[in-house]
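Residues per chain, in single letters:
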Amino acid sequence: MKITIIGTGYVGLVTGACLAEMGNHVMCLDVDAAKIKILEDGGIPIHEPGLLDVVKRNRTAGRLQFTTDVVAAVNHGTLQFIGVGTPPDEDGSADLQYVVAAARNVGRHMTDYKVIVDKSTVPVGTGEKVRAAVADELAKRGVNVDFSIVSNPEFLKEGAAVEDFMRPDRIVVGADDERAILLMRSIYSPFMRNHDKLLVMDIKSAEFTKYAANSMLATRISFMNELALLAEKVGADIELVRKGIGSDPRIGTHFLYAGAGYGGSCFPKDVKALVKTAKDNGVTLQVLTAVEAANDKQKHVLVDKVVKRFGNDLSGRQFAVWGLSFKPNTDDMRDAPSRVVIAELVKRGATIKAYDPVAITEAKRVLEGTKGLTFVDNQTQALEGSDALVIITEWKEFKSPDFDSIKAMLKQPVVIDGRNLYEPAFLRTLGIEYVSIGRGS
């Protein structure tokens, strides 16, 4: 099948590459010529494990191509997937200008039947706006061409997006006509050979499902982070509590890890957008409002621990920071807890030596001009001459470090761990002062 993907970010590029992997002929459109040049030159503009190999393989096979030509892209695919960004507006609502612009381009140039698929994360009611935009452009041209609107939200985890797409646990399709549903079932059938994972529903319910899923996961994280703060006060160990409640099949083990707060391109934006949608409809989502407030507070917990140990005036103090991206296996710095931690420490006079296995380039871009911040090439360089080690992201290479080297290189053997990577009792036997989250230290 011929498919067009509009947008080559996380959602668009992963979707296009994985659909090409199953034999479809995919054209990816982006108005950003720099992105297209990177792709044409054999690279990818994002860090996502396994994605580069899929892109290269399908480009070589001739099933995946990239363009800035809107007319060519609209003419190419019967299915037009919209995978552009929906950044938050100042009021927390999702900015739909790029989604609507993409829809208008389709309406402006289409000459035969199209299925326009909202793959971007969009608020309830966006399908109607996309339908109206396409219809308006067709009316301006004075033509009558059939089209269908579909909501097909993505459920991809950054750092595991290719695996998630190739082996989905569910495929949500919101549509109101059988022709579009059959086409969607056709392209997704190779991804569900063992059993049917396609959940067909109305468009608004599909749009709602995406926001509800991310908000539920964000709620679990904030809930555990709040319990961690209480665990510290009463002398309990949140890691043991996590295992205790996670063994209950009604609760499960996922997203129960206390830490430095959630970030990234999805949870913060989607929680805000759902709260705003509720407000616009006269409903107050008290739980989600608390989830957002708890997360904002949690991003300052590591700073509070540093201040408690070293004082509020950090002039003359240097801290090693391990981990900058909001989570492992990505270079995404959007709403990353590291941004808050570094800003607050520097504000108090500290200097920072920061290391991340993947996100250094992106961190340099978003943290450009931060006084007192130096980026280094490895973990060891960050430790040299530092008063303490602060761990913000749980990269695998941080999980079994050389503790003797850490102890020797730090001015003081202090480790402040925002991801609970180590056993407190073990570090105590090594003579390392270990401060973690919710472990009664």
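Here is what the cut-offs are and how they apply
- Residues numbered from 1 in each chain as written.
- Predicted model: local features only at pLDDT ≥ 70, side-chain atom pairs only at ≥ 80, totals over all residues.
- Heavy atoms only, no water.
- Pairing = 2+ DSSP bridges.
- Helix = DSSP H or I, 4+ residues; strand = E, 2+ residues; numbered from the N terminus.
- Axes fitted to C-alpha atoms, helices over the stretch in contact; angles between N-to-C directions.
- Contact = heavy atoms within 4.5 Å.
- Core = buried A, V, L, I, M, F, W, Y, C linked by side-chain atoms within 4.5 Å.
- Buried < 20%, exposed > 50% of the residue type's maximum accessible area, 1.4 Å probe, protein only.
- Phe/Tyr/Trp six-rings, centres within 6.5 Å; stacked < 30°, edge-to-face > 60°.
- Polar contact = N/O pair within 3.5 Å; in protein donor to acceptor, adjacent residues only side chain to side chain.
- Lys, Arg positive; Asp, Glu negative; His and termini not counted.
- Salt bridge = Lys/Arg side-chain N within 4 Å of Asp/Glu carboxyl O.
- Right-handed = clockwise from strand over helix to strand, strands pointing away.
- Disulfide = S-S within 2.5 Å.
- Expected span 1.5 Å × (residues − 1).
- Arc of directions from axis to C-beta.

> Help me out: how do you make sense of the sheet that holds strand 5 (residues 114-118) in this one?
Pairing between the strands of a sheet comes from backbone hydrogen bonds, and it takes one of two forms, parallel or antiparallel. Taken in spatial order, the eight strands of this open sheet run 3-2-1-4-5-6-7-8, and their pairing is mixed. Each edge of the sheet is formed by a strand with only one pairing partner; in this case those strands are strand 3 (64-67) and strand 8 (198-201). The sheet shows a mean angle of 25° between the axes of neighbouring strands, taken without regard to direction. Pairing between strand 1 (residues 2-6) and strand 4 (residues 79-82): four bridges, direction parallel. By the bridge assignment for strand 4, Ile6 is matched with Ile82. Helix 6 (residues 126-141) contacts strand 5 and strand 6 (147-151) of the sheet and is inclined by roughly 160° relative to strand 6. Across the sheet, helix 8 (residues 178-188) touches strand 1, strand 4, strand 5, strand 6, strand 7 (171-175) and strand 8, and the angle it forms with strand 4 is around 80°.

> Can you walk me through the nonpolar core in this structure?
Side chains of nonpolar character tend, in soluble globular proteins, to be buried together. Judged by nonpolar contacts, the single largest core of 43 residues is most densely connected at Leu19, Leu51, Leu79, Phe81, Met184 and Tyr188. It is helix 1 (residues 10-21) that contributes the most residues to this core, seven residues altogether. Apart from residues lying up to four places away in sequence, Phe81 is in contact with Ile3, Thr4, Ile5, Ile6, Thr15, Leu19, Val117, Lys119, Asn152, Met184, Ile187 and Tyr188.

> I tried to follow the packing of aromatic side chains on my own but got confused; where do I start?
Centre-to-centre distance and the angle between the planes together describe a pair of aromatic rings. Throughout the structure, instances matching the rule amount to eleven aromatic pairs. Ring geometry for Phe310 versus Phe319: centroids 5.3 Å apart, planes at 75°, classification edge-to-face. Judged by its relative accessible area of 8%, Phe310 falls in the buried class. Ring centres of Phe403 and Tyr422 lie 5.0 Å apart, and the angle between their planes is 85°; this geometry places the pair in the edge-to-face category.

> Quick question: what am I supposed to make of the environment of Glu154 here?
Within the secondary structure, Glu154 is located in the loop between strand 6 and helix 7 (161-166). Separated by 139 residues in the primary sequence, Glu154 and Thr15 place their C-alpha atoms 8.8 Å from one another. Non-local contacts of Glu154, meaning those with residues more than four positions away in its chain, are made with Val11, Lys119, Thr121 and Lys210. Here the side chain of Glu154 touches Leu156 through a polar contact of 2.9 Å, landing on its backbone nitrogen.

> Where do I start with the sheet that holds strand 13 (residues 414-417) in this structure?
Taken together, six strands build an open sheet; the order of strands is 11-10-9-12-13-14 and the sheet is parallel. The strands lining the two open edges of the sheet, one partner per strand, are strand 11 (373-375) and strand 14 (433-435). Ignoring which end each strand starts from, the neighbouring axes of this sheet average 20° apart. Alignment of strand 9 (residues 318-322) against strand 12 (residues 388-391), held across four bridges, turns out to be parallel. Pairing of Ala320 across the sheet is with Leu389, part of strand 12.

> Teacher, can you tell me more about the environment of Leu199 here?
One can find Leu199 in strand 8. On the accessibility criterion, Leu199 (42% relative accessible area) is partly exposed. Separated by 27 residues in the primary sequence, Leu199 and Val172 place their C-alpha atoms 4.8 Å from one another.

> What is the right way to look at the side chain of Lys119 in this model?
In this structure, Lys119 sits in the loop between strand 5 and helix 6. For the buried residue Lys119, which engages in no salt bridge, the nearest side chain bearing the opposite charge is Glu154, 7.1 Å off. Separated by 2.9 Å, the side chains of Lys119 and Asn152 make a polar contact. Setting aside residues up to four positions removed in sequence, Lys119 forms contacts with Val11, Thr15, Phe81, Ile82, Gly83, Asn152, Pro153, Glu154, Phe165 and Tyr188.

> Is there a simple way to think about the pairing of strand 6 in this case?
Sheet faces and side chains relate simply in a regular strand, where the side chains alternate between the two faces. Within strand 6, five of the five residues are buried, leaving the element largely enclosed by the surrounding structure. Every second residue of strand 6 is oriented toward a common face, with Phe147, Ile149 and Ser151 on one face and Ser148 and Val150 on the other, all of them buried. Pairing geometry for strand 5 and strand 6, over five bridges, is parallel. Bridging across to strand 6, Val117 finds its partner in Val150. For the crossover that starts at strand 5, traverses helix 6 and ends in the parallel strand 6, the hand is right-handed. Across two bridges, strand 6 lies against strand 7 in antiparallel orientation. Bridge pairing in strand 7 links Ser151 to Gly174.

> Help me understand the state of the cysteines, please; the structure alone is not making it clear to me.
The bond known as a disulfide is covalent and runs between the sulfur atoms of two cysteines. This structure, assessed with the given rule, holds zero disulfides. Summary of cysteine pairing: Cys28 is not part of a disulfide, and the nearest cysteine sulfur, belonging to Cys18, is at 11 Å.

> Quick question: what am I supposed to make of helix 12 (residues 286-298) here?
Think of an α-helix as turning once every 3.6 residues; residues three or four places apart then point the same way. Spanning 13 residues, helix 12 covers 18 Å between terminal C-alpha atoms, matching the ideal 18 Å at 1.5 Å per step. Buried within helix 12 we find Leu288, Val291, Glu292, Ala294, Asn295 and Gln298. One side of helix 12 carries all its buried residues, which in axial view fall inside an arc of 165°. Seen from the open side of helix 12, the exposed residues pointing more than 90 degrees away from its buried face are Gln286 and Lys297. Where helix 12 is buried, its residues touch helix 9 (203-234), helix 11 (267-280) and helix 13 (301-310).

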